[in-house]
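Geometric and topological summary
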Amino acid sequence: MTEKKIPQDNGTKTKVMQIEPSLKDSGKTPHKKEETYTGIGASRGIAVGECYAFVKEQGEHEYRKLDSKDIGEEIERFLAALRRSEKELKKIERVTTRKLGKGYSDLFQAQIMVLHDPVLVKAISERIKSERKPAHVIIEEEFGHYVEKLNNSDELLFRERADDLQDIKERIIRNLHIKKLHSWLPEGVIVASYHLSPADVILLSRSNIKGFITDTGGKTSHISLICKSLNIPIVVGLGNLSQKLNTGIKMIIDASTGKVIINPEEKTFAHYREKQESEKKFDDSASLTAELPATTKCGTRITFYANIDFKEELDTIKTSGAEGVGLFRSENLFTDGTNTPRESLQLAYYREMAETINPMPLDIRLFDIGGDKLIYSPIREPNPNLGWRGIRILIDLPDILEAQIRAITKANTHGNIGILVPMIVSLDEIRRVRAVIDETFIELEKEDPLIEKPEIGAMIEVPAAVELIEEITRSVDFISIGTNDLTQYTLAVDRNNVIVQDLFDTFHPAIIRQLHRIIGTAQKNRCRAMICGDMGSNALALPFLLGCGLTRFSVVVSDIPNLKSQVSRYTLEESAELARQCLKLETTAEVKACLEAFQSSH
């Protein structure tokens with residue numbers, strides 16, 4: 001068996017003209033030998049079955065200068081394509097609402113709003129008239145300009161907006177040529193594609209898809225989050241693997257490890273079927289105890305909170321066993337990526353959330369935006385990830401910061417809301433935010449004596465914050481460790497770059513030593529510590545984190561039942577001994593081997 005890591009294809013794809021699945025070139029030589037490829041497991045689970053190569057066909061469209069008499073007809077074709085696109089998106093929105101609730105369906109409502117954008121519609125219509133170019137050429141150019149800017153951003157928020165715009169562009173052009181939307185596949189296949197949009201995943205999931213693999217994407221992309229909600233395994237970031245696959249090839253995906261196995265041997269099939277059955281039994285058992293309190297083998301209480309993006313996800317809080325929201329990503333209120341949400345909209349949103357889960361806590365992260373000036377400035381930064389982002393933007397634009405803090409404070413009539421400050425690198429930033437909170441509370445308390453001052457927490461996600469952890473934990477009420485960014489900045493590895501993804505590892509000795517220091521310092525200073533990054537969902541990391549003294553975890557809702565069940569296997573004494581062993585180790589491989597041996601013994 002061979003194992004391969006495919007570098008990401010950074011080239012741009014040819015223009016996509018329709019969304020019609022088709023078979024790959026049947027002249028390719030099929031795989032004969034078992035091969036294993038590694039990507040990013042973004043929604044846990046195992047899928048065993050046949051591959052379906054889902055290709056977004058590239059259409060050839062005639063380019064000719066329009067005759068004057070054809071201009072009116074061309075503009076009408078464009079407007080008709082918008083109407084057909086809206087009809088499709090409304091259908092997808094209804095399916096999404098039924099499957100996942102309104103939170104995710106808002107993605108498609110935002111796309112419908114783009115179709116109605118008078119500036120865009122007017123610009124395309126007038127260019128068709130003045131330049132006498134076919135509608136599809138103008139649409140490509142108008143959308144392409146924005147898609148390119150967004151795709152070049154280092155910020156995941158903007159790259160996901162690029163996917164949305166790309167999907168709208170392709171949909172309009174396909175409907176311009178009245179190409180049928182194919183959304184049904186053979187039952188029970190594993191879909192392989194270069195790229196999938198949220199609409200693709202929603203519609204294809206109706207065919208009881210076993211799993212998805214894509215060349216592009218990351219753990220927190222929309223399609224990954226949707227697959228988690230649908231309990232469909234997905235492996236993303238596979239570079240160019242889809243180009244090597246034919247429909248009908250036998251395959252296995254293990255989304256827990258990011259493995260994709262092509263042409264598996266019979267013994268591999270048997271191993272994964274057994275593993276699949278074992279995981280199902282474990283999940284069934286965990287779901288039965290999900291709503292019970294989580295305690296270690298020695299009786300210590302461990303608390304699990306939920307990371308969420310939309311208020312509609314609150315419905316799953318109780319059944320999953322979560323005891324509150326440890327991270328609400330408020331930047332998702334930027335539905336169009338440009339306009340700051342009105343204070344009144346924010347207030348209504350936060351108030352509904354706080355009342356829904358009261359008395360459970362709700363920690364709202366302040367807008368973690370930026371890294372690219374597409375929202376506030378036309379200036380392009382050479383390195384956006386190290387630029388104007390997070391708390392830096394909020395301090396430089398105090399109207400945004402003050403409006404959000406006012407909305408949160410007004411909503412805190414039950415006293416269960418906390419404020420998380422993103423990308424902290426200095427005490428000055430904490431002091432600036434605390435001053436705004438204090439001033440806002442004094443002002444608003446006069447109007448409503450029932451409101452309570454929100455507690456303040458700091459995101460620990462850059463090495464500077466680790467160096468200042470003594471001072472930070474004496475200055476805030478709680479901290480939340482963002483292991484994704486902390487790993488990225490400590491190891492100087494872009495976590496969304498597949499080429500170097502093998503270097504991005506939260507079990508690197510530098511990372512686990514930082515975690516031990518952060519948690520221990522917070523305990524000493526009686527500052528509540530919580531982890532909200534992906535490491536908190538990693539079952540392998542769980543006993544190490546317990547051994548460091550961590551008792552609060554904020555993770556993806558679907559991971560909570562399994563983690564609760566695992567907690568009961570360990571005592572704090574043996575976990576602390578495990579942590580001491582790991583802290584002495586010098587390589588990532590040694591740390592993982594130590595953790596795996598401990599897990600196997602339990």
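What you see is a predicted model, and the numbers here were worked out from it, not measured in a lab. (Residues numbered from 1 in each chain as written. Predicted model: local features only at pLDDT ≥ 70, side-chain atom pairs only at ≥ 80, totals over all residues. Heavy atoms only, no water.)

1. Details of the overall build of the chain
As a reminder, the rule being used: Secondary structure counts use DSSP, requiring at least four H or I residues in a row for a helix and at least two E residues in a row for a strand, with both numbered from the N terminus. Residue burial is assigned from relative accessible area. The probe radius is 1.4 Å, only protein chains are included, and a residue is buried under 20% of its type maximum, exposed over 50%, and partly exposed in between. In these tables, accessible area is a Shrake-Rupley quantity obtained with a 1.4 Å probe, and a residue counts as shielded only by the protein chains included in the view.
Scanning the chain from terminus to terminus reveals 21 helices and 18 strands. Counting only residues that meet the buried cut, the chain has 57% of its 602 residues in that class. A total accessible area of about 25800 Å² is found for the chain, and carbon and sulfur atoms account for 50% of it.

2. Topic: the pairing of strand S6 (residues 211-214)
For clarity, the cut-off: Here, any two strands with at least 2 DSSP bridges between them count as paired. The crossover handedness rule: strands pointing away from the viewer, path from first strand over the helix to second strand clockwise, crossover right-handed.
Burial along S6 is two-sided: Gly 211 and Ile 213 and Phe 212 and Thr 214, pointing in opposite directions, are all buried. Pairing of strand S5 (residues 190-193) with S6 involves four bridges; the strand directions are parallel. When the bridges of S6 are listed, Ser 193 appears paired with Thr 214. Taken together, S5, helix H6 (residues 198-204) and S6 constitute a β-α-β crossover, and its handedness is right-handed.

3. Some words on the packing of helix H10 (residues 343-357) against helix H12 (residues 398-411)
Which entries qualify depends on this criterion: Angles here are taken between N-to-C directions and fall from 0 to 180 degrees, while the axes themselves are lines fitted to C-alpha atoms, restricted in helices to the stretch in contact. Should the near helix be turned anticlockwise from the far one by less than a right angle, the crossing is left-handed, and should it be turned clockwise, the crossing is right-handed. What makes two residues a contact is simply this: any of their non-hydrogen atoms within 4.5 Å. Each residue gets one of three labels, nonpolar for Ala, Val, Leu, Ile, Met, Phe, Trp, Tyr, Cys and Pro, charged for Asp, Glu, Lys and Arg, and polar for the others, Gly among them.
Packing of H10 against H12 brings their axes to within 8 Å, and their N-to-C directions diverge by 35 degrees. Crossing of H10 against H12: the hand is right-handed. Residues Glu 343, Gln 346, Leu 347, Tyr 350, Arg 351 and Ala 354 of H10 lie in contact with H12, whose contacting residues are Ala 403, Gln 404, Arg 406, Ala 407, Ile 408, Lys 410 and Ala 411. Its residues assigned to classes, the contact of H10 with H12 shows seven nonpolar, two polar and four charged.

4. Describing unusual backbone geometry
Residue Pro 359 is bonded to the preceding Asn 358 through a cis peptide linkage, with omega at 10 degrees. Structurally, Pro 359 is set in the loop between H10 and strand S13 (362-365). Located in the positive-phi region is Arg 132, a residue other than glycine, with phi close to 55 degrees. Looking at where Arg 132 falls in the secondary structure, it is placed in the loop between helix H3 (118-131) and helix H4 (135-151).

5. Remarks on a positive patch on the surface
Worth spelling out the cut-off: Nonpolar side chains (Val, Leu, Ile, Met, Phe, Trp, Tyr) are joined into patches within 5 Å and like charges within 9 Å, using only residues with over 30% relative accessible area and no salt bridge. Any carboxyl oxygen of Asp or Glu within 4 Å of a side-chain nitrogen of Lys or Arg constitutes a salt bridge here. In summary, the charge assignment counts Lys and Arg as positive and Asp and Glu as negative, without counting His or the chain termini. Taken as the charge location is NZ of Lys, CZ of Arg, CG of Asp or CD of Glu.
Positive charge collects at one region of the surface, where Lys 91, Arg 94, Arg 98 and Lys 99 lie side by side. Relative to the assigned elements, Lys 91 resides in helix H1 (residues 71-100). Among the residues examined, Lys 91 registers a relative accessible area of 38% and is labelled partly exposed.

6. Topic: the side chain of Glu 313
Along the chain, Glu 313 falls in the loop between strand S11 (301-308) and helix H9 (317-320). In this view, Glu 313 contacts Tyr 104, Asn 307 and Ile 308; residues no more than four positions away in its chain are not counted.

7. With respect to the pattern of salt bridges
Using the criterion set out here, one finds 32 salt bridges in the structure. In this structure, Arg 127 engages Glu 141 in a salt bridge whose closest nitrogen and oxygen atoms are separated by 2.3 Å. Separated by 14 residues along the polypeptide, Arg 127 in helix H3 and Glu 141 in helix H4 bring together distant segments of the chain. Residue Glu 470 is joined to Arg 474 by a salt bridge in which the shortest nitrogen-to-oxygen separation is 2.8 Å. Residue Glu 470 and its partner Arg 474 are both found in helix H15 (residues 469-475); the two are separated by four residues, about one turn of the helix. For Glu 470, a relative accessible area of 23% puts it in the partly exposed group. On the basis of relative accessible area, Arg 474 is assigned to the exposed category, the value being 54%. Linked by salt bridges that have partners in common, Arg 127, Glu 131, Lys 133, Glu 141 and Glu 142 make up one network.

8. Quick look at the packing of aromatic side chains
Rules: In summary, the pairing rule links any two rings of Phe, Tyr or Trp, Trp by its six-membered ring, whose centres are within 6.5 Å, and it sorts them by plane angle into stacked for under 30 degrees, edge-to-face for over 60 and tilted for everything else.
If you walk through the whole model with that rule in mind, you get three aromatic pairs. Their ring planes at 20 degrees and their centres at 5.9 Å tell us that Phe 328 and Tyr 349 sit as a pair that is stacked. Taken together, the residues Phe 328 in strand S12 (residues 325-329) and Tyr 349 in helix H10 connect sequence positions 21 residues apart.

9. Some thoughts on the side chain of Thr 487
Relative to the assigned elements, Thr 487 resides in helix H16 (residues 483-491). Judged by its relative accessible area of 0%, Thr 487 falls in the buried class. Beyond its immediate sequence surroundings of up to four residues, Thr 487 is in contact with Ala 492, Phe 504, Asp 505, Thr 506 and Ile 511.

10. A closer look at the environment of Glu 323
Stated precisely, the cut-off is as follows: Polar contact is the term for a pair of N or O atoms within 3.5 Å; when the atoms are in protein, one must be able to donate a hydrogen and the other to accept it, and sequence-neighboring residues count only if both atoms are side-chain atoms.
Note on placement: Glu 323 falls in the loop between H9 and S12. Along the chain, Glu 323 and Ile 357 lie 34 residues apart, while their C-alpha atoms are 8.9 Å from each other. Residues within four places of Glu 323 in sequence aside, it is in contact with Arg 301, Ile 302, Thr 303, Phe 304, Tyr 305, Met 360 and Pro 361. A polar side-chain atom of Glu 323 sits 2.7 Å from a polar atom in the side chain of Arg 301.

11. Observations regarding the environment of Ser 125
In this fold, Ser 125 is placed in helix H3. Overall, the relative accessible area of 15% leaves Ser 125 in the buried class. C-alpha separation for the pair Ser 125 and Ile 71, spaced 54 residues apart in sequence, amounts to 9.4 Å. Setting aside residues up to four positions removed in sequence, Ser 125 forms contacts with Ile 75 and Phe 78. Within polar-contact distance, the side chain of Ser 125 engages the backbone oxygen of Val 121 at 2.9 Å.

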